[in-house]
Structure formats: C-alpha cells, structure tokens
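Report on the structure
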Amino acid sequence: MLYISPACERLTGRDSQSFYDKPDRYLATVHPDDLVASSRRMQEHLRGERGRQRLVRTFARSDDGVVQYINMMEADIAFAEVGTPTWDGLPLDRYLSLLDMLNPMHRLWSDGRWNKLTVAHGCYWKKCSFCDVSLDYISRYETAQASTLVDRIEQIVAETGQTGFHFVDEAAPPKALKALAEELLRRKVHISWWGNIRFEKTFTPELAELLAESGCIAMSGGLEVASDRLLSLMKKGVSVEQVAQVTKGFSEAGILVHAYLMYGFPTQTLQDTVDALEYVRQLFENGCIQSGFFHRFACTVHSPVGKEPQAYGIELVPLPEVSFAKNDIGFIDPTGADHDTLGRGLKKAIYNFMHGVGLEDDVRHWFELPKGQCPKPTVGRHRIAKALG
C-alpha cells in the first residue's frame, strides 16, 4: 500500500497527488538526473574502486559539512547497453492493487501491475519551456533497435509471467514506436502496453491503428494549457487543433487517451483559463479524449522558465535555505490571475467531464467567481468539431 505524507509538499515543493501519480518521483527530487551511470559509479566508489571526485552527477557532503555537486565528465552508458530491468526476488504476487480514484488513466497506474520499460533515453523534442531539459535524463536522447527492445520485453515476460507494459518515456518517439509495433507483430509477441507521447502530427490515424494492433491500449500526452498562444510560449510544438486530430485518431483506434493539463503558467490570464476549459470540454464532447487531469504549473531551476524568467514575464522568488533539495522555485507573475480559485473550478469540471456530465453547459459556471467577473469564452462552441472536419 502506498501512503504519501502531506509533509512531502513542505519538504519537496510537490503536492502528495504528484507522488501518487508517479511514485518514483522522489528519486528525481533527491537526484534530479539520470541514475544509471551515477548509481554504477557510486557502487564503484563504495567498493573502493573510484575516488569521490570521480563520481558522476552526485551530491556529496564533505567532512566539514559542505554539500558539493560532483560530475566527472566521461562517456555515459549507452541506452542500447544499459541492460534489461529485473524484478528478481520480489514477491510480485503479493502486491496490492488499489483503485484510488475514478480517473481512467489513474486507474491504469494503480489498479494492477505493469512491467516498466523505456523505448528511448531522454526526449527527442527537449524544447518544452516548463521541462527540465538541461538535465541529462531529458537532454541526452538515445534509442535502441526495435529488436533489442523486444528482446528485453520477452526477457521480462519470462521472468515476471506478466505481459502488461508501461513505457515510462518522457515522450516516446513515434518512429521508435512504429518500429517497435512492427517488430512485436513480426515476432508474434503478444503484450498489452501504454505510454506517454507528444500529440504531434506524425501520429497519424494509420499509425494509431498499427500501435493498437501491436497491443497499445492507452496513450497519455501533454496538452498543457489549451491555448495556442501559451503552447507557443511553452515551445510545445503543437496546436490545439492538431492535438484534437491526433487524439481523435487514437480514440477511433480504440486507444484510451489521457491529457495532461496545466494551469498557472506564466502570463496565463483568466480569459486564457476559461478558453482552455472550453477547448477541453469540446475535446471530451467530440470523443477525442476520455481522461485528463489538471496540474498546477511548477517552476523548476533546471527548466528554461527557471533559467530565463524574464523571457516569460515573471520574477523568481529567492530560494530559501534548504538542506534537502533545490528544485522547485517560487515566482511572481504580474498577470495576477487567482489560480487557486480557478484550479478548483478546473478540477471540478474535468471530474464531471470524465463522467459525461456538464458537457453541454457553459464552462463559466464551474468557476466560483462573483457574478459578472467570469468572461465568456472567446472560443466558438464548435471549434473542435470543425477542426475534425
């Protein structure tokens, strides 16, 4: 059973729900970078085979109490050579399956067990301004042959006896997924799988059909703020209409689609928020997505927003003295939108949308604002339907 103490927000700056969504997130908080090479070098150090100053991407405390970041520059371990994950020795049949909330994608995360694997190392896009793109685990993009990935899949199935896979990439590359699907079908390897992607135009309806045929049952991806202005500021590389077309293709292929949604991004106004919710309403109404969750934007020190706040119209709040980790950082947005209040409305709305409730209603009624203060959406009520043709 997984229990996350509410104190985690005070310690790490991330709310408890974010840890339920991704239970291994604490590793990224304690060690905000790729762990494969650093953990191997640490093991060598503990065996006396490597000095402290030759550690890789590791925080160490000296004898006089000073915390030092050590990163010996040397060739990293190639993704094709990292090997196959193993669960050997774990009592896999004794773990509990929990249904912690009715969100369809959240149920996949917790109600049952999935073998975890990555299709590639890092992110092939690595431009999103809210993401930790300066860190190795994002910036160093490497792939492996589809045959290597299917070899790993077969080895894991043989070890665990389970054929469900969750590909935990930041954004699985479409070219690699296509090759993987073709290799699975060629070798007649029968699995169920799901993962996270960018809703980019390369994911055509034909590719969605191929992925479904190979065992894909669900896809999650970041729509973030459904606003073309803010998507451009984020350097997301997609438009709202493009997201609608891609997600519709997945849905028509029988693949569950979950949208990661964001609010509170720098310069986001009340009007932006109302318009974004109207877009999300239409995506549910038109059968493009079946699941979604609104996350409050968090500025991190490793992201483009954290490194160049002036480019996003915000002022960073000085980091307090912390002894645990320096990752999330507060900021002041002169736009002045009340994101605490708006967030409550967004979460209430999407919970109902997932149950088919309120899809015909004016989205303004979800926000607890004084009468007359919530503006009308500037988005036409049939904008998504027209985009889908």
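One structure accompanies this document, and this report is about it. Predicted model only: the values in this text are computed from it and were never measured.

Cut-offs and rules
- Residues numbered from 1 in each chain as written.
- Predicted model: local features only at pLDDT ≥ 70, side-chain atom pairs only at ≥ 80, totals over all residues.
- Heavy atoms only, no water.
- Core = buried A, V, L, I, M, F, W, Y, C linked by side-chain atoms within 4.5 Å.
- Buried < 20%, exposed > 50% of the residue type's maximum accessible area, 1.4 Å probe, protein only.
- Helix = DSSP H or I, 4+ residues; strand = E, 2+ residues; numbered from the N terminus.
- Contact = heavy atoms within 4.5 Å.
- Salt bridge = Lys/Arg side-chain N within 4 Å of Asp/Glu carboxyl O.
- Patch = residues over 30% accessible without salt bridge, like charges linked within 9 Å, V, L, I, M, F, W, Y side chains within 5 Å.
- Areas by Shrake-Rupley, 256 points an atom, 1.4 Å probe, with all protein chains shown as cover.
- Lys, Arg positive; Asp, Glu negative; His and termini not counted.
- Charge placed at Lys NZ, Arg CZ, Asp CG, Glu CD.
- Pairing = 2+ DSSP bridges.
- Axes fitted to C-alpha atoms, helices over the stretch in contact; angles between N-to-C directions.
- Parallel < 35°, antiparallel > 145°, perpendicular 65-115°, else oblique.
- Left-handed = near helix turned anticlockwise from the far one by under 90°.
- Nonpolar A, V, L, I, M, F, W, Y, C, P; charged D, E, K, R; others polar.
- Expected span 1.5 Å × (residues − 1).
- Polar contact = N/O pair within 3.5 Å; in protein donor to acceptor, adjacent residues only side chain to side chain.

Digging into the nonpolar core
- With 86 residues, the main nonpolar core has Trp193, Leu211, Phe250 and Phe265 as its most contacted residues.
- With 7 residues, the single largest contributor to this core is helix H12 (residues 270-285).
- Apart from the residues within four sequence positions on either side, Trp193 is in contact with Phe165, Phe167, Leu177, Leu184, Leu211, Ser214, Gly215, Cys216, Ile217, Ala218 and Met219.
- Counting 7 residues, the second-largest nonpolar core is a separate cluster that includes Met105, Trp109, Ala218 and Leu256.

So, the pattern of salt bridges
- Counted according to the given criterion, the structure contains 21 salt bridges.
- Two residues, Asp272 and Arg229, come together in a salt bridge whose shortest N-O distance is 2.7 Å. Taken together, the residues span a long stretch of sequence, with Asp272 in helix H12 and Arg229 in helix H10 (residues 228-233) at a distance of 43 residues.
- Residue Asp340 pairs with Arg296 through a salt bridge whose shortest N-O separation is 2.9 Å. Taken together, the positions of Asp340 in helix H14 (residues 339-353) and Arg296 in strand S10 (residues 291-296) put the pair 44 residues apart, joining distant regions of the chain.

Examining a negative patch on the surface
- A cluster of acidic residues, Glu206, Glu209, Glu213 and Glu252, forms a negative patch on the protein surface.
- The leading source of residues in the negative patch is helix H9 (residues 205-213), at 3 residues.
- Exposure remark for Glu206: the relative accessible area of 58% places this residue in the exposed category.

A short note on the pairing of strand S6 (residues 164-167)
- Burial along S6 is two-sided: the face carrying Gly164 and His166 and the face carrying Phe165 and Phe167 are both buried.
- Judged from the 3 bridges that link them, strand S3 (residues 115-117) and S6 form a sheet pairing that is parallel. Each residue of the ladder has a partner; that of Lys116, found in S6, is His166.
- As paired strands, S6 and strand S7 (residues 192-197) are joined by 4 bridges and run parallel to one another. What sits directly across from Phe167, in S7, is Gly195.

Things to note about the side chain of Ser227
- Looking at the element boundaries, Ser227 is found in the loop between strand S8 (216-224) and H10.
- Note on Ser227: relative accessible area 9%, which makes it buried.
- What Ser227 contacts, discounting residues up to four positions off in sequence, is Val240 and Asp272.

With respect to the packing of helix H8 (residues 174-186) against H9
- One way to put it is that H8 packs onto H9 with a least axis distance of 9 Å and a crossing angle of 45 degrees. One finds that H8 runs oblique with respect to H9. Relative to H9, the crossing made by H8 is left-handed. Along its contact with H8, which presents Pro174, Leu177, Lys178, Ala181, Glu182 and Leu185, the element H9 presents Leu207, Leu210, Leu211 and Glu213.
- Tallied by class, the residues present in the contact of H8 with H9 amount to 7 nonpolar, no polar and 3 charged.

Thoughts on H12
- Helix length check: H12 (16 residues) gives 23 Å between terminal C-alpha atoms against 22 Å at 1.5 Å per residue, within 8%.
- The element H12 is extensively covered by neighbouring structure, given that 13 of its 16 residues are classed as buried.
- The opening residue of H12, the one whose side-chain oxygen lies 3.4 Å from the backbone nitrogen of Gln271, is Thr269.
- Just downstream of H12, Gly287 is the residue with a positive phi angle, here 70 degrees.

None of the figures reported here should be taken as evidence of function without further support.
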